Amino acid sequence: MSSAAESGVQTALVEALVRNRAKVSELEDEYTKKIADITVPYKQALEALLVKRQPTLDAQPGFWAKAIASPSAPTRALLDETADLRILRAVKSFRVATSYQEGTDHSKLVRRITFTLNSNIFIENAELFREIDGDGATLAIGAVKWKVPERARQNSIFGKLFDAATGADTIKEAVDAFDEVFQNPQLFIDDDEAPRSGGPQQ
């Protein structure tokens, strides 16, 4: 085969691969949209139920501290055994709110983790929050303001979660763990301690 013919075959092959890749991308986009069409309404309905049960759970003294610090909770491994367990005692309300950016697919998932705190010796803020997208990139943050020196809180998950310098992967992993506890806290506390909130279970 001549060099010209070989070059023509190679060009045709490259063009065929490019067309194939474009079709694959189209299918992937369609798949993503179909999944979003199913997932988003479900998540929105679930979010409405979580909002409805919030006052019931917040009214139980120490409820969120027990759930988050439970040995079986995915959050337990993230906690500093000294600072965080004491900070949790000050938690008045805890929430992970899920929403979707208008007109976008499920990859534009937005989650906002919020802690409302009673007065305590560790943190000045009455509220801590961080809002992230589906990749863990930060969209908004209420950074932590400490009352104690670094040596007293250097391993605190609150320091990582609410520090703008913490990487997206670390933040996403932590929010995933807290979100799991938030959605089904009854799985991580003793039955006799769980209020009958009627909250959803995935």
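Residues numbered from 1 in each chain as written. Predicted model: local features only at pLDDT ≥ 70, side-chain atom pairs only at ≥ 80, totals over all residues. Heavy atoms only, no water.

**Student:** Describe the confidence of the model for the chain, with residues and values.
**Tutor:** Across the chain, pLDDT averages 86, with 87% of residues at or above 70. Across residues 191-202, where pLDDT falls below 50, the model places 28 contacts with residues more than four positions away in sequence or in other chains. (pLDDT = per-residue confidence, 0-100. Contact = heavy atoms within 4.5 Å.)

**Student:** Give a description of the nonpolar core that names residues and reports values.
**Tutor:** Ile68, Phe94, Ile113, Phe115, Ile123, Phe158 and Leu161 are the most contacted members of the largest nonpolar core, which totals 39 residues. The set of elements that each furnish at least two residues to this core consists of α1 (3-58), α2 (63-69), α3 (83-88), β1 (91-100), β2 (109-117), β3 (127-133), α4 (157-161) and α5 (168-183). Apart from residues lying up to four places away in sequence, isoleucine 123 is in contact with Ile87, Leu117, Leu128, Val144, Lys145, Trp146, Lys147 and Phe158. (Core = buried A, V, L, I, M, F, W, Y, C linked by side-chain atoms within 4.5 Å. Buried < 20%, exposed > 50% of the residue type's maximum accessible area, 1.4 Å probe, protein only. Helix = DSSP H or I, 4+ residues; strand = E, 2+ residues; numbered from the N terminus.)

**Student:** Describe empty space enclosed by the protein, and please don't skip the residues or the numbers.
**Tutor:** One pass over the full model with this rule turns up 1 cavity of 30 Å³ or more. Approximately 40 Å³ is the volume attributed to the largest cavity. Around the largest cavity, the lining residues are Lys43, Leu46, Glu47, Leu50, Thr98 and Gln183. Per-element accounting of the lining of the largest cavity gives the leading share, 4 residues, to α1. Taken together, the residues that form the lining of the largest cavity break down as 2 nonpolar, 2 polar and 2 charged. (1 Å grid on protein atoms, 1.4 Å probe; cavity = no way out; pocket = protein on both sides within 12 Å on 5 of 7 lines; lining within 4 Å. Points joined across faces, edges and corners; volume = space filled by probe spheres on them. Nonpolar A, V, L, I, M, F, W, Y, C, P; charged D, E, K, R; others polar.)

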